[in-house]
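In case you want the letters, here they are:
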Amino acid sequence: MMAPRIRANRYSVMTLEWPKDSEPLEQWLKEQCDKAPALMQEIAIVLKPSLEHESEEIQAAIDSLDQLGIGLIGLTGDSSHRALADEMGLAWLSPNNVTVEPQSEKERDVNQPRETALVVEGPIRSGVQVYAKDRDLIVIGQVSEGAEIMADGHVHVYGRCRGRVAAGVSGQTNAEIFCLTFEPELVSLAGTYCGSDQIPENLWSARVRVGLDENSQKLTFGLMG
Amino acid sequence: MATVVTVTSGKGGVGKTTSSAAIAAGLAQAGHRTVVIDFDVGLRNLDLIMGVERRVVFDFVNVISGEATLNQALIQDKRLENLSILAASQTKDKDALTEEGVGQVLEQLAEMGFEYIVCDSPAGIERGATMALHFADHAVIVTNPEVSSVRDSDRILGILQSKSKRAKEGGKVHEHLLITRYDPARVDNGEMLSKEDVCDILAVKLIGVIPESKAVLKASNTGVPVILDDDADAGLAYGDAVARFLGEDRPMRFVTPKKQGLFSRILGGGD
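Residues numbered from 1 in each chain as written. Chains lettered and ligands numbered in written order. Predicted model: local features only at pLDDT ≥ 70, side-chain atom pairs only at ≥ 80, totals over all residues. Heavy atoms only, no water.

Enquirer: In this structure, what is going on with the overall build of chain A? I would like to understand it.
Expert: Scanning chain A from N- to C-terminus turns up five helices and 15 strands. Radius of gyration (C-alpha) of chain A: 30 Å, far over the 17 Å computed for a compact globule of 225 residues. With respect to the three principal axes, the spread of C-alpha positions in chain A is 80 × 55 × 35 Å. For chain A, the residues scored as buried account for 36% of the 225 residues in total. Carbon together with sulfur atoms contributes 48% to the accessible area of chain A, which is approximately 14,100 Å² in total. (Helix = DSSP H or I, 4+ residues; strand = E, 2+ residues; numbered from the N terminus. Rg over C-alpha atoms; globule rule 2.2 N^0.38 Å. Buried < 20%, exposed > 50% of the residue type's maximum accessible area, 1.4 Å probe, protein only. Areas by Shrake-Rupley, 256 points an atom, 1.4 Å probe, with all protein chains shown as cover.)

As structure tokens, then:
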């Protein structure tokens, strides 16, 4: 015979945010039920009234939810509503324990911007090192002979590139190098490197893209438009 | 407010001291109160080029260490009343140059009413050179048209834009390129980099091309800045360079090979 036990399960519960200055809640709920009746019947809802709502207003809202057949399971919001939840026999859900699920990929990008490329204005002179850690590197201008530019991500050089260039220096094999005028001393991708004497002659001074073929572990060179 | 102009190159023997003397004399000729300082402590040369070697009693290091006042150490040029010279010590080494000491001397010179302070940097990227660069508002990069000189100039430009006071405070040192010992005939033959090649590699505004000239050696040996020699093409080219530095627009001269006449070819003349 199995013993009863408590398990942490996650259910999808919607929060109904109800600001004080919103349109009448009953009206709005009716419209939603007309639009998507099946959905509104199935969802579990937690009501989040604003601090300014009176107990009577909240009671009225709960009644209209009940009439429409929407499953209200509890209250959340300001802790002053907690007593009200107890009084009405509803659960109290602490707003501090909420994890808000991102609605879409797009919204996540806006809320948590990833670190963008490091943009450096050239010329990058001989003897100067530039390293873009955990990100791409963009150089506007030239990179002189004897300069070293490196990135964990891609490297773009919008100018004459005569120095040493390394992309994917922490081992990212999908990193690439893009140069408008390709005349480097050395190129390296994820540790695979090639000196200027091994670079095909037809690519010299051209617009070049350098990638890494993972199967052969060799650098691949291509012309860009 | 005095403007500090540092003449530098990285590589030795390209003409920094000759150019410092010529630029300082040119600025003084243009009516600006100018002082030229030799930062090459231990290997002083500027006093020779300026023809004041016998008048050096106290030097730059004496002033920094408080053994002499600036007035005692400054040597007034006899040809140009706007020009003064501060010689380097021959007995000390470059460690005598401290950032604080150099800064104080430059400040005092500005208070004395000098408009331009020309710093003649030593070769290399060690203490003397970095001290000369540290306080620069403008840098004149002297380069010969050959690859190693150009490479070293590029390195110095990198140091300039990372280690100078202006760069550290988020500003930028104004860069000017001066190509010296230029031989247009050899450029045409492909034996020497052209001025376009040099500008392309360094990406700095060109303020002058000084032709290879016997007048430069003669000027050094006689202690007269070559810019004061109106008969020499190198002197005229330095004059143009200073004018361009001061914002004037002048066409480049002496950048195409001289046409040798029939007689000079037969008689083996030319310069």
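Enquirer: Can you walk me through the packing of aromatic side chains in this structure?
Expert: Two aromatic rings, taken as a pair, are described by how far apart their centres are and by the angle between their planes. Residue and element names in this part refer to chain B. One pass over the full model with this rule turns up three aromatic pairs over all chains. Taking 5.1 Å as the distance between ring centres and 70° as the angle between the ring planes, the aromatic pair formed by phenylalanine 39 and phenylalanine 60 counts as edge-to-face. With phenylalanine 39 in the loop between strand E2 (34-38) and helix H2 (46-49) and phenylalanine 60 in helix H3 (residues 60-64), this residue pair connects regions lying 21 residues apart in the sequence. Classification of phenylalanine 39 by relative accessible area gives buried; the value is 1%. A relative accessible area of 0% means that phenylalanine 60 is categorised as buried. The interplanar angle of 65° and the centroid separation of 6.2 Å between the aromatic rings of tyrosine 116 and phenylalanine 245 together place this pair among those described as edge-to-face. (Phe/Tyr/Trp six-rings, centres within 6.5 Å; stacked < 30°, edge-to-face > 60°.)

Enquirer: In this structure, what is going on with the sheet that holds strand E4 (residues 83-86) of chain B? I would like to understand it.
Expert: Hydrogen bonds between backbone groups are what pair the strands of a sheet, and the pairing can be parallel or antiparallel. All names here are of chain B. Pairing in this open sheet of eight strands is mixed, and the strands run E3-E4-E2-E5-E1-E6-E7-E8 from one edge to the other. The open sheet terminates on both sides in strands that have one partner only, identified here as strand E3 (75-76) and strand E8 (206-211). Across four bridges, the pairing between strand E1 (residues 3-8) and strand E6 (residues 138-143) is parallel. Looking at the pairing, valine 7 lines up with valine 140 of E6. Those strands touched by helix H7 (residues 147-163) are E1, E6 and strand E7 (174-182), and its axis lies near 165° from that of E6. Along the sheet, helix H10 (residues 195-202) makes contact with E6, E7 and E8, crossing E7 at roughly 150°. (Pairing = 2+ DSSP bridges. Contact = heavy atoms within 4.5 Å. Axes fitted to C-alpha atoms, helices over the stretch in contact; angles between N-to-C directions.)

Enquirer: How do you make sense of the pairing of strand E13 (residues 192-195) of chain A when you look at a structure like this?
Expert: The two faces of the sheet receive side chains in turn, since in a regular strand these alternate between them. All names here are of chain A. Bridge count between strand E12 (residues 186-189) and E13: four bridges; the pairing is antiparallel. Residue pairing for E13: leucine 186 is matched across the bridge by glycine 195. Counting the residues between successive antiparallel strands, the hairpin from E12 to E13 contains two residues, one of them, alanine 190, with a positive phi of roughly 45°.

Enquirer: Sorry if this is basic, but what is going on with helix H5 (residues 99-111) of chain B here?
Expert: Since the α-helix packs 3.6 residues into each turn, any two residues three or four apart lie on the same face. The first and last C-alpha atoms of H5(B) sit 18 Å apart over 13 residues, in line with the 18 Å expected at 1.5 Å per residue. Among the residues making up H5(B), those that are buried are B:Gly101, B:Val102, B:Gly103, B:Val105, B:Leu106 and B:Leu109. (Expected span 1.5 Å × (residues − 1).)

Enquirer: Mind showing me how you'd approach the pairing of E8(B) here?
Expert: Residue and element names in this part refer to chain B. For E8, the tally of buried residues reaches six of six residues, placing the bulk of the element in the interior. As paired elements, E7 and E8 share four bridges and run parallel to each other. The partner of tyrosine 182 across the bridge, within E8, is proline 211.

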